[in-house]
Amino acid sequence: QVQLVESGGGLVQPGGSLRLSCVASGISFEFHNMAWYRQAPGKQRDLVASVTNDGITNTVESVKGRFTISRDRAVKTVFLQMNSLKPEDTAVYYCNAQSIYNSRWDYWGQGTQVTVSP
């Protein structure tokens, strides 16, 4: 019954912005760390940004200053605001939830395509 439903992907020009959303259901949202990962064709799936159950955020160096992760407990949603997008940001973006009690209890969304191209 666990679901992570993503939205907000699409095609944008370099320098543009997108806001991704991931709505969680079937889990105790406040007891999960949340994260966004991305996977480009031919590459591994890499962490982009994370936010703990108590709101501590982190972004990887390649997106620092451009991407912001946040969570809204009231609507059980994690967001990824992406500004100043570059072609190298093109990837499938995946939402992830991990229980703070057991790291093996790990859930993934279906992925949403982000394409940055002229």
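In the block above lies the structure referred to throughout.
Residues numbered from 1 in each chain as written. Predicted model: local features only at pLDDT ≥ 70, side-chain atom pairs only at ≥ 80, totals over all residues. Heavy atoms only, no water.

## Focus on the pairing of strand β7 (residues 67–72)
Turning to step 1, where the next piece is worked out: Only one face of β7 is covered, namely the one carrying F67, I69 and R71; the face carrying T68, S70 and D72 has none of its residues buried.
Turning to step 2, where the next piece is worked out: Sheet topology places β7 next to strand β8 (residues 77–82); 6 bridges connect them, and they run antiparallel. Note that in β8 the partner of S70 across the bridge is F79.
Turning to step 3, where the next piece is worked out: The turn joining β7 and β8, which pair antiparallel and follow one another in sequence, is formed by 4 residues; a positive phi near 50° is taken by K76. (Buried < 20%, exposed > 50% of the residue type's maximum accessible area, 1.4 Å probe, protein only. Helix = DSSP H or I, 4+ residues; strand = E, 2+ residues; numbered from the N terminus. Pairing = 2+ DSSP bridges.)

## A look at the sheet that holds β7
Turning to step 1, where the next piece is worked out: Read across the sheet, 4 strands follow the order β1-β3-β8-β7 without closing on themselves; strand pairing throughout is antiparallel. Each end of this open sheet is capped by a strand with a single partner; those strands are β1 (3–7) and β7. In this sheet, adjacent strand axes meet at a mean angle of 15° when their direction is disregarded. (Axes fitted to C-alpha atoms, helices over the stretch in contact; angles between N-to-C directions.)

## Digging into the packing of aromatic side chains
Turning to step 1, where the next piece is worked out: Scanning the entire structure with this criterion turns up 2 aromatic pairs.
Turning to step 2, where the next piece is worked out: Look at F31 and Y101: their rings are 5.8 Å apart centre to centre, the planes differ by 50°, and that puts the pair in the tilted class. Within this pair, whereas F31 is found in the loop between β3 (18–25) and β4 (32–39), its partner Y101 is found in the loop between β9 (91–99) and β10 (106–108), the two being separated by 70 residues in sequence.
Turning to step 3, where the next piece is worked out: On the basis of relative accessible area, F31 is assigned to the partly exposed category, the value being 34%.
Turning to step 4, where the next piece is worked out: Their ring planes at 65° and their centres at 4.9 Å tell us that Y37 and W108 sit as a pair that is edge-to-face. Separated by 71 residues along the polypeptide, Y37 in strand β4 and W108 in strand β10 bring together distant segments of the chain.
Turning to step 5, where the next piece is worked out: Classification of W108 by relative accessible area gives partly exposed; the value is 36%.
Turning to step 6, where the next piece is worked out: Note that R45 overlies the ring of Y94, its terminal NZ or CZ placed 3.6 Å from the centroid.
Turning to step 7, where the next piece is worked out: Directly above the aromatic system of F29 lies the positively charged group of R71, at a separation of 4.2 Å from the ring centroid. (Phe/Tyr/Trp six-rings, centres within 6.5 Å; stacked < 30°, edge-to-face > 60°. Lys NZ or Arg CZ within 6 Å of the ring centre and 35° of its normal.)

## Overview of the nonpolar core
One recurring pattern in soluble globular proteins: nonpolar side chains tend to sit buried together.
Turning to step 1, where the next piece is worked out: Core analysis: the largest hydrophobic core is formed by 26 residues, its most contacted members being M34, W36, F67, V78, L80, M82 and Y93.
Turning to step 2, where the next piece is worked out: Secondary structure elements with two or more residues in this core: β3, β4, β5 (46–51), β7, β8, β9 and β11 (112–116).
Turning to step 3, where the next piece is worked out: Discounting chain neighbours no more than four positions away, the residues touching V78 are L20, S21, C22, F29, M34, W36, V51, I69, S70, R71 and C95. (Core = buried A, V, L, I, M, F, W, Y, C linked by side-chain atoms within 4.5 Å. Contact = heavy atoms within 4.5 Å.)

## Section: the state of the cysteines
Turning to step 1, where the next piece is worked out: Throughout the structure, instances matching the rule amount to 1 disulfide.
Turning to step 2, where the next piece is worked out: Paired through a disulfide, C22 and C95 show a sulfur-sulfur distance of 2.1 Å. The disulfide joining C22 to C95 has a torsion of about -85° about its S-S bond and is therefore left-handed. Residue C22 is found in strand β3, and its partner C95 is found in strand β9; the two are separated by 73 residues along the sequence.
Turning to step 3, where the next piece is worked out: Judged by relative accessible area, which is 0%, C95 ranks as buried. (Disulfide = S-S within 2.5 Å.)

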